[in-house]
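Each chain is listed here by its residues.
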Amino acid sequence: DRQEFLDARVDVIKYVKESGEGKLDSAFPWQQGVLDSRCGRGCVPFMEGKNSITHSESVLKVIEGPRPKAFFKSLLGEEARTFDFKWLRAMYNEGFTGAHVDWVYMSRGTDKVYTMWTPFGDVTMEMGTLAVCEGSHKLSGFQYFQDTYGSLDIEEANLKGTGWFTEDPLEITKRFGGQWRSADFEAGDVLIFTMRTVHMSTVNTTQFARVSCDTRWQSVNQPVDPRFIGDIRLDGPRFGVYGKNGGKAEVEVTIEELKEKWGFGQAYM
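Cut-off values and rules
Residues numbered from 1 in each chain as written. Predicted model: local features only at pLDDT ≥ 70, side-chain atom pairs only at ≥ 80, totals over all residues. Heavy atoms only, no water. Buried < 20%, exposed > 50% of the residue type's maximum accessible area, 1.4 Å probe, protein only. Helix = DSSP H or I, 4+ residues; strand = E, 2+ residues; numbered from the N terminus. Pairing = 2+ DSSP bridges. Phe/Tyr/Trp six-rings, centres within 6.5 Å; stacked < 30°, edge-to-face > 60°. Lys NZ or Arg CZ within 6 Å of the ring centre and 35° of its normal. Patch = residues over 30% accessible without salt bridge, like charges linked within 9 Å, V, L, I, M, F, W, Y side chains within 5 Å. Areas by Shrake-Rupley, 256 points an atom, 1.4 Å probe, with all protein chains shown as cover. Salt bridge = Lys/Arg side-chain N within 4 Å of Asp/Glu carboxyl O. Disulfide = S-S within 2.5 Å.

Peer 1: Help me understand the pairing of strand β2 (residues 87–91) in this model?
Peer 2: Side-chain direction in a regular strand flips from residue to residue, so the side chains alternate between the two faces of the sheet. Burial within β2 is extensive, with five of its five residues counted as buried. Where β2 lies against strand β8 (residues 210–219), five bridges are found, and the strand directions are antiparallel. Paired with Arg89 across the two strands is Ser212, which belongs to β8.

Have a look at this one:
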């Protein structure tokens, strides 16, 4: 139901609006989700985790309702479950997500986990859609990448920053191969991919808040990464777009240092 996605988007925009002054441009109806030109990272509220907006009725209806449950049961051949932790975001102007694989963030359970990226509403590429590098989970050119970066547990490694491999999509295709794919999305569309698929987003070049949510799905009979189920406590942004200027208090390594160690330090042509 397209309207369910639109209703969920309005509820998220309302949450953004009520999180403080100066979030939305008062020249437009707040329901449109037009951000104030001064509202970027650090202004848009951090909504990831398990909280009042991620687990609101309208949002849960979209991200873990009967249709995704039925789809993943069919895909897996048995009952499916989703992480309690939800990666709900309202991406701001000039915001984007760099190239990475999800396994580096959530590798302490089964490796048979799928990501479902759900845009709330109609999202054009100019607003920041998800892009995947086609074949990156299985092409031979990515094998060493998957054996090194792709097999990293970034929390265990005490990695500083986002956990992304790069912010440059061409570094991926020129080093390893594959081809980037994206498209405009309509309310009701989702994109599903594996833990080993290299993906990123296009840059939001508009003033609209691009609302989307990542959920993770797996069999109920497989071990689950314990960090993302049950009584989740989150001190604050750790990795991804909200970790760009942060990290652990005791930083031991950067992605640049690891890339040098793995032999990825040389220039790519």
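Peer 1: Please clarify how the pairing of strand β4 (residues 130–134) should be interpreted in this entry.
Peer 2: Within β4, four of the five residues are buried, leaving the element largely enclosed by the surrounding structure. Sheet topology places β4 next to strand β7 (residues 199–201); three bridges connect them, and they run antiparallel. Following the sheet pairing, Leu130 is matched in β7 by Ser201. Pairing geometry for β4 and strand β5 (residues 179–181), over three bridges, is antiparallel. Each bridged residue has a counterpart across the sheet, and for Cys133 the counterpart in β5 is Trp180.

Peer 1: Is there a simple way to think about the packing of aromatic side chains in this case?
Peer 2: Between two aromatic rings, the relevant description is the distance of the centres plus the angle of the planes. Applying the stated criterion to the full structure yields 21 aromatic pairs. With a centroid separation of 5.2 Å and an interplanar angle of 85 degrees, the aromatic rings of Phe71 and Phe72 are classed as edge-to-face. Among the residues examined, Phe72 registers a relative accessible area of 0% and is labelled buried. Each residue in the set Phe142, Tyr144, Phe145, Tyr149, Phe165, Phe176, Trp262 and Phe264 is aromatic and connected to the rest through ring pairs, giving one cluster. If you follow Lys17 out to its NZ or CZ, it ends over the ring of Trp30, 5.2 Å from the centre. Sitting above the plane of the Trp87 ring, Arg216 keeps its charged end 4.4 Å from the centroid.

Peer 1: Honestly, a nonpolar patch on the surface in this entry has me stumped. Any pointers?
Peer 2: Where nonpolar side chains cluster on the molecular surface, the patch consists of Phe71, Leu75, Val190 and Ile192 and spans about 300 Å² of accessible area. By the element assignment, Leu75 lies in helix α3 (residues 66–76). Looking at Leu75, the relative accessible area reads 41%, which means it is partly exposed.

Peer 1: Please clarify how the state of the cysteines should be interpreted in this entry.
Peer 2: By definition, a disulfide links two cysteine residues through a covalent bond between their sulfur atoms. This structure, assessed with the given rule, holds one disulfide. Note that Cys39 is cross-linked by a disulfide to Cys43, the S-S spacing being 2.1 Å. Given an S-S torsion of about -95 degrees, the disulfide between Cys39 and Cys43 has left-handed geometry. Comparing Cys39 with Cys43, the two get one shared label, buried. For Cys213, which is in no disulfide, the shortest distance to another cysteine sulfur is to Cys39 and amounts to 19 Å.

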